[in-house]
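Structural description and commentary
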Amino acid sequence: MENYPSTEAVFNIFKQLNQIPRPSHHEEQVADFLCQFAREHGLEYQRDAQNCVVIRKPATPGHEAAEPVVVLNHMDMVCVGMKNPLTDPIQPYEDNGWLKARGTSLGADNGIGLSMALAVLASEQIVHGPMEVITTTNEEDGMSGAANLAADFIRGRKVINLDSEDYDTITTGAAGAYLQLHRIPTEHQPSPGGKRRWYRISISGGLGGHSGVDINKGRASATVLTWAILAAIYNDYDFDISSIRVGEANASIASSAEIIVCVPSGEAAEFVKSQEQSLNEWIRQEYGQNDPNIGCHIEKCERQGTILSRKSWESLLTVLEQVPQGVVKMSETMEGTVETSNNVGRIVSEADHILVSTHTRSFIDRDMIALGRDIAKAFAKAGATSEVVMSAPAWQENQESEFLRLTSDTFNDVLGWRPRKVAMHFVLEAGYFVEKYPGIEIASIGPRIVEPHSTSERVELSTIGDIWRVFIELLKRMA
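Below, the structure is looked at part by part. (Residues numbered from 1 in each chain as written. Predicted model: local features only at pLDDT ≥ 70, side-chain atom pairs only at ≥ 80, totals over all residues. Heavy atoms only, no water.)

On to the environment of Tyr 432, then. Mapped onto the elements, Tyr 432 comes out in helix H10 (residues 430-436). For the pair Tyr 432 and Ala 249, spaced 183 residues apart in the sequence, the C-alpha separation amounts to 22 Å. Ignoring anything within four residues of it in the chain, the contact list for Tyr 432 reads Met 143, Ala 146, Ala 147, Met 390, Ser 391, Ala 392 and Pro 393. (Helix = DSSP H or I, 4+ residues; strand = E, 2+ residues; numbered from the N terminus. Contact = heavy atoms within 4.5 Å.)

Quick look at the structure:
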C-alpha cells in the first residue's frame, strides 16, 4: 500500500481557518489568510474584486507537461448558533470518531476540503501536475463569487471539487438554486394603550439542517410552525405583533423563531394556558418522529414600544400560506431524489419592512425559475418587492467521461470500493464554471459531513483520511 502523507497538515490548517471569521459576505480576513499563505510558500496568486483567490503551484519536477488540474473550494461557511459570527469562536472537539463544534456549526463545509487543498500546496512530497487552487466567496448565500469570476481566472479544465458531503459518492450533478429576498413594507406604530399583556413566543430545539439535502427528511421548519401558531390564534385573539425573527440562514431549514405579541389583558391567562399546550401537542403529532426536540414556549415579557402594522403581518400570513415549503416534486428519473423544492429560510422584521428569504432548488432550470417567479408574484400581491440574489444553473456531468472513470478507479485502488455517481439536491458552483469555462470537467468528492448548516454539523474523522489519500493519488495519476 502506498505510504501517503498524514492528515496532520490538514487538521493544522483547519484549526487556523476556524480562528478566522468567515460568514458569507465577510470573507476579507480569510482571503487575506490565503494570500499570506501563498506568499509564505513562494507561490503565485491572484485575488479578484469579490475576494476570490486562486493560488498557482508549478508541477512537481518531471511532470510539467501534465494537463493542469484545478482544485475548487469555497471559503465561506454558514454560521449557525453564533450571536456574532464575526467574533464568536468555533470550538471543535472529537466525539466517538467525529469532529463536532460546541454550540455552533463546525465549518467542515467547506473548510475541510480547503484545508486539504492548502496542505497539498504546502507539501513537497505530493506529486502533481500544474495546479490551480481556487477558493470562492459567498458560495453559501448567493454564489456571487463564482458568478463574477473573470473568464481567464483559471486556465485548467479538469476540476477536483472538494465540497461534496457524501463520502461514498462522486457528485456528478447538482440542483440549480434561485434565492430571493422579499420585502413586505411595514411601519412601526406606537404600542396600544390600555391593559394589555406582552408575550414572547419561542420555537426552539429543531434539527434544522441543509435546505437541500435535508429537505425531504420530514423535519419541522420553524417557518411553518410560526405560520401555524399565528394562524391558529388569528381568529380567537385581538393580538398585535411587535417583532418577528425566524430562522438562522437562507440556506438552512429554520430551527428557531421568536415572535413578540401583545393581547388584551382579559384574554391573557387563557392565551398562555391553552395555546402553549395545544401547540406543542400538534407539533409532537406532526414532527415527533423526525424532529423530536422542537417545541413552542410562551412566556411573559416586557412591554415593547412599537408594533408592526397589522396590514404587513396579515400579508405575511397570507403569502406564507401560498408559498410552498419543502419538497415540491420528486424526480421521475433519479429514484429517491428530490427534483424541485422550496425553503423559506428567514423572516425578520426590520426598520421599514419584513424580510423573507426563499431558496428554490431544482434539477430543471426552467421549473426552478418558473416556481421562483410564481413565489415572487405571490409576494407582489401582498405588496412586497422581490430581489433575485442568485440564479445558479443546475449541473450534470457526463457519467461516462474518462475523468470520472479515473476518479472512480482511484477510489477502488486506494479504498477497495467504487463510489456511486450521484446527482445531489444541493447547489454547487459547478453550474457557473461549466457556463464560464467551456470544456471543463468536474468531479466532486469529500468526507462524510452530516447535518451541515446546523449546530449538529459533524465530520467523520476516518473519512477525512480516506478522501485525503484518494485526493493525493488522483493528483499523482493526473500528473
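Using the criterion set out here, one finds seven aromatic pairs in the structure. Centre to centre, the rings of Trp 282 and Tyr 287 are 6.3 Å apart; their planes meet at 85°, and the pair counts as edge-to-face. You can call Tyr 287 buried: its relative accessible area is 13%. Taken together, a centroid distance of 5.6 Å and an interplanar angle of 50° make the contact between Phe 411 and Trp 417 tilted. (Phe/Tyr/Trp six-rings, centres within 6.5 Å; stacked < 30°, edge-to-face > 60°. Buried < 20%, exposed > 50% of the residue type's maximum accessible area, 1.4 Å probe, protein only.)

Taking 1.5 Å per residue, 15 residues should reach 21 Å; helix H3 (residues 108-122) reaches 20 Å between its end C-alpha atoms and fits that length. In terms of burial, H3 is a largely internal element, 14 of the 15 residues being buried. (Expected span 1.5 Å × (residues − 1).)

One can describe the packing of helix H1 (residues 8-17) onto H3 by two numbers: an axis separation of 8 Å at closest approach and a directional angle of 125°. Relative to H3, the element H1 lies oblique. Along this stretch, H1 crosses H3, giving a crossing that reads as right-handed. For the pair H1 and H3, the contacting residues are Ala 9, Val 10, Ile 13, Phe 14 and Leu 17 in the first and Ala 108, Gly 111, Ile 112, Leu 114, Ser 115, Met 116, Leu 118 and Ala 119 in the second. (Axes fitted to C-alpha atoms, helices over the stretch in contact; angles between N-to-C directions. Parallel < 35°, antiparallel > 145°, perpendicular 65-115°, else oblique. Left-handed = near helix turned anticlockwise from the far one by under 90°.)

To continue, consider the pattern of salt bridges. Summed over all chains, the structure comprises 26 salt bridges. Put simply, Arg 56 and Glu 44 hold a salt bridge, and the shortest N to O gap is 3.2 Å. With Arg 56 in strand S2 (residues 53-57) and Glu 44 in strand S1 (residues 44-47), this residue pair connects regions lying twelve residues apart in the sequence. In this structure, Arg 196 and Asp 240 form a salt bridge, with 3.2 Å as the shortest nitrogen-oxygen distance. (Salt bridge = Lys/Arg side-chain N within 4 Å of Asp/Glu carboxyl O.)

A separate point is the sheet that holds strand S24 (residues 458-460). Judged by pairing direction, the sheet is antiparallel, and its four strands sit side by side in the order S4-S5-S24-S23 without closing on themselves. Bordering the open sheet on either side are strand S4 (92-95) and strand S23 (449-450), each of which pairs with just one other strand. Alignment of S4 against strand S5 (residues 98-101), held across four bridges, turns out to be antiparallel. Its bridge partner being in S5, Asp 95 is matched across the sheet by Trp 98. (Pairing = 2+ DSSP bridges.)

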